[in-house]
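Here are the chains, one letter per residue:
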Amino acid sequence: MSLAAPALAQSVPELSDLVGARAAGGETQLEARGYIFVTTNTVRDTKWSFWWKERARQCVQVATSNGRYEAIQSVPDANCRQTATTLPSYPDNRPPAADPGYGDRYGPSITLVCFGGGSAPAAQYQSGYAYNSRSHRFVPQFGTTLGREGFASDLQIEIWHGRGRIRPEGKLISPIHSGGDNGWWTIENLVVTPDRITGQYRMNGLNKPRIDIDRRSGRIAIRAATNFTGRCDAGNWRGGGGF
């Protein structure tokens, strides 16, 4: 497929807030806003994906580099290589979203990027001197104890169609874990209310972190062997604070 000529490409105001977003979260938001993935090409270090919005009969191209959206532009319909009559219908025949936070009958569509810090179990080596009452002298003493180590990290959460998944990073991933699905873990027992999002995911058989998010303040807490607190950012997609 040939790329659209620059003179024919135009910005897409309703998608401008996705420029700079991570590709995985951006795809979820494109789908939530009524766009259907068509195809993708790679030119040097940039991926060009094409998306079609049936109701608006609009084709857009998304440039992705280093895992983030660099540009989103409207291009001629021919770039999507399909006509409105041949494009598949959107899942559940949902209409495109006027509200960027729109979901479906199963609940809202939400993409969050969360930043913060926490503490994780860590082996700590100790050395020093201890007084020996038998020899009446200080003698060297060495050992390893189990303590906790602080860290900073980030994570991503995606909720759509009544299901959720989480992508933890760094120390949030236990040394022993199930591997997830390409770095994503399914959120089980997911509950989404106007005020909170709760659930848990299975890092391994014994470690099942619990998630608690305050939707109004954006604060997140994860409790398990590794604890984490932070703040989640949903971009400008709903406005007015919260998500």
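Residues numbered from 1 in each chain as written. Predicted model: local features only at pLDDT ≥ 70, side-chain atom pairs only at ≥ 80, totals over all residues. Heavy atoms only, no water.

Comments concerning the state of the cysteines
Phase 1 of the analysis: Within this structure, the stated rule accounts for one disulfide.
Phase 2 of the analysis: What pairs with Cys114 in a disulfide is Cys232, and their sulfur atoms sit 2.1 Å apart. For the disulfide bridge between Cys114 and Cys232, the dihedral angle about the S-S bond is near 100°, and by the sign convention the bridge is right-handed. With Cys114 in strand 6 (residues 110-132) and Cys232 in strand 14 (residues 227-233), this residue pair connects regions lying 118 residues apart in the sequence.
Phase 3 of the analysis: Taking the relative accessible area as the measure of exposure, Cys114 reaches 0% and is therefore buried. (Disulfide = S-S within 2.5 Å. Helix = DSSP H or I, 4+ residues; strand = E, 2+ residues; numbered from the N terminus. Buried < 20%, exposed > 50% of the residue type's maximum accessible area, 1.4 Å probe, protein only.)

Overview of the pattern of salt bridges
Phase 1 of the analysis: For the structure shown, the criterion picks out eight salt bridges.
Phase 2 of the analysis: Across the salt bridge formed by Arg196 and Asp212, the nearest N and O atoms sit 2.8 Å from each other. A residue pair is termed long-range when its members are at least 10 positions apart, and Arg196 in strand 11 (residues 196-200) and Asp212 in strand 12 (residues 210-214) qualify at 16 residues.
Phase 3 of the analysis: Classification of Arg196 as partly exposed rests on a relative accessible area of 35%.
Phase 4 of the analysis: In this structure, Asp214 engages Arg196 in a salt bridge whose closest nitrogen and oxygen atoms are separated by 3.9 Å. Taken together, the residues span a long stretch of sequence, with Asp214 in strand 12 and Arg196 in strand 11 at a distance of 18 residues.
Phase 5 of the analysis: You can call Asp214 partly exposed: its relative accessible area is 23%.
Phase 6 of the analysis: Bridged by salt links that share partners, the residues Arg196, Asp212 and Asp214 form one connected network. (Salt bridge = Lys/Arg side-chain N within 4 Å of Asp/Glu carboxyl O.)

A few points about helix 1 (residues 23-32)
Phase 1 of the analysis: Buried residues dominate helix 1, accounting for seven of its 10 residues.
Phase 2 of the analysis: Of all the residues in helix 1, the buried ones are Ala23, Gly25, Gly26, Thr28, Gln29, Leu30 and Ala32.
Phase 3 of the analysis: Looking one or two places after helix 1, you find Gly34, whose phi comes out positive at around 95°.

Details of the environment of Trp185
Phase 1 of the analysis: Along the chain, Trp185 turns up in strand 9 (residues 185-186).
Phase 2 of the analysis: The spatial distance from the C-alpha of Trp185 to the C-alpha of Gly164 is 8.7 Å, given a sequence separation of 21 residues.
Phase 3 of the analysis: Here Arg202 takes part through its backbone oxygen, which lies 3.2 Å from a polar atom of the side chain of Trp185. (Polar contact = N/O pair within 3.5 Å; in protein donor to acceptor, adjacent residues only side chain to side chain.)

Things to note about empty space enclosed by the protein
Regions of empty space are outlined by a rolling probe, equal in size to a water molecule, passed over the atoms.
Phase 1 of the analysis: The final tally for this structure, using the stated rule, is three cavities of 30 Å³ or more.
Phase 2 of the analysis: There is about 40 Å³ of room inside the second largest cavity. (1 Å grid on protein atoms, 1.4 Å probe; cavity = no way out; pocket = protein on both sides within 12 Å on 5 of 7 lines; lining within 4 Å. Points joined across faces, edges and corners; volume = space filled by probe spheres on them.)

Points about the pairing of strand 3 (residues 46-53)
Within a regular strand, side chains alternate between the sheet's two faces.
Phase 1 of the analysis: Across the eight residues of strand 3, seven count as buried, placing the element largely inside the fold.
Phase 2 of the analysis: Of the pairings in the sheet, the one linking strand 3 to strand 4 (residues 58-65) comprises seven bridges and is antiparallel in character. Along strand 4, the bridge assignment pairs Lys53 with Gln58. (Pairing = 2+ DSSP bridges.)

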